[in-house]
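Residues per chain are reported as follows:
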Amino acid sequence: MSDVHAASLTSLVEEHLDKARSADAGRSAHTTYGGQEHRLRQTLIALVGGRRLGEHESPGEATLQVLSGSVRLHAGTETWDGAEGDLLVIPSDRHDLEALTDAVVLLTVVTGTRPAT
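Structural notes, computed from the coordinates. (Residues numbered from 1 in each chain as written. Predicted model: local features only at pLDDT ≥ 70, side-chain atom pairs only at ≥ 80, totals over all residues. Heavy atoms only, no water.)

Moving on: the overall build of the chain. Helix and strand counts for the chain stand at one helix and eight strands. Seen in sequence order, the chain has helices and strands lined up from the N terminus as α-β-β-β-β-β-β-β-β. Whereas a compact globule of 117 residues would reach a radius of gyration of roughly 13 Å, the chain reaches 14 Å, a difference of no more than 12%. Seen along its three principal axes, the alpha-carbon backbone of the chain occupies a region of about 45 × 30 × 25 Å. For the chain, the share of sequence-separated contacts (at least 6 apart) that also reach a separation of at least 24 residues comes to 64%. The distance from the centre of the 10 positive side-chain charges to the centre of the 17 negative ones in the chain is 4 Å. (Helix = DSSP H or I, 4+ residues; strand = E, 2+ residues; numbered from the N terminus. Rg over C-alpha atoms; globule rule 2.2 N^0.38 Å. Contact = heavy atoms within 4.5 Å. Lys, Arg positive; Asp, Glu negative; His and termini not counted. Charge placed at Lys NZ, Arg CZ, Asp CG, Glu CD.)

In structure tokens form, the structure reads like this:
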């Protein structure tokens, strides 16, 4: 049995931007890979321009790949801007993600729990 999993990020970007635009919260998310049985988790997050995720704790070792639009990552007084094709390393401090335009990012997190073998 194969462990290969394929998904069209292009299709997911379009689908979740549409969902975010029609959602009261202005966002949509979908876990593309991972879960309880994996240490690696990837979540696609779509945000309508001007919306924020709100300040939260760092999930651990993590990156954000900007798939569409532009975003700003805030941590304390520091900010980092990302546009389509950019990869941002998420700081270990509390942080916030702001969509400067309608945007979709792929959050990749390594969880601290090792899966059962």
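Each pocket or cavity is described by its volume, and for the largest pocket that value is around 150 Å³. Lining the largest pocket are Ile45, Leu53, His56, Glu57, Pro59, Leu64, Leu73, Ile90, His95, Leu97 and Leu107. Residue composition of the lining of the largest pocket, grouped by class: eight nonpolar, two polar and one charged. (1 Å grid on protein atoms, 1.4 Å probe; cavity = no way out; pocket = protein on both sides within 12 Å on 5 of 7 lines; lining within 4 Å. Points joined across faces, edges and corners; volume = space filled by probe spheres on them. Nonpolar A, V, L, I, M, F, W, Y, C, P; charged D, E, K, R; others polar.)

Next up on the list: the side chain of His16. Mapped onto the secondary structure, His16 falls in helix α1 (residues 9-22). Its relative accessible area of 3% is what places His16 among the buried residues. Leaving out residues up to four positions away in the same chain, His16 has contacts with Ser28, Ala29, His30, Leu44 and Ala46. (Buried < 20%, exposed > 50% of the residue type's maximum accessible area, 1.4 Å probe, protein only.)

Moving on to α1. Because an α-helix completes one turn every 3.6 residues, residues spaced three or four positions apart along the sequence face the same direction. For α1, with 14 residues, the first-to-last C-alpha span of 20 Å sits near the 20 Å given by 1.5 Å per residue. Inspection of α1 places Leu12, Val13, His16, Leu17 and Ala20 among the buried residues, and these make up the whole buried set. Taken down its axis, α1 places every buried residue within 130° of arc, on the same side. Of the exposed residues in α1, the ones pointing more than 90 degrees away from its buried face are Thr10 and Ser22. (Expected span 1.5 Å × (residues − 1). Arc of directions from axis to C-beta.)

By secondary structure assignment, the location of Leu64 is in strand β3 (residues 62-68). In this structure Leu64 comes out as buried when scored by relative accessible area, which is 4%. It is 13 Å that separates the C-alpha atoms of Leu64 and His95, two residues lying 31 residues apart in sequence.

Attention now moves to the sheet that holds strand β5 (residues 78-83). The three strands are arranged β5-β4-β7 in an open sheet whose pairing can be described as antiparallel. Each edge of the sheet is formed by a strand with only one pairing partner; in this case those strands are β5 and β7 (96-99). Adjacent strand axes in the sheet meet at a mean angle of 20°, parallel and antiparallel pairs treated alike. The sheet contact formed by strand β4 (residues 70-75) and β7 spans four bridges and is antiparallel. Residue pairing across strands places His74 opposite Asp96, the latter belonging to β7. (Pairing = 2+ DSSP bridges. Axes fitted to C-alpha atoms, helices over the stretch in contact; angles between N-to-C directions.)

Worth remembering: the numbers are spatial, not functional.
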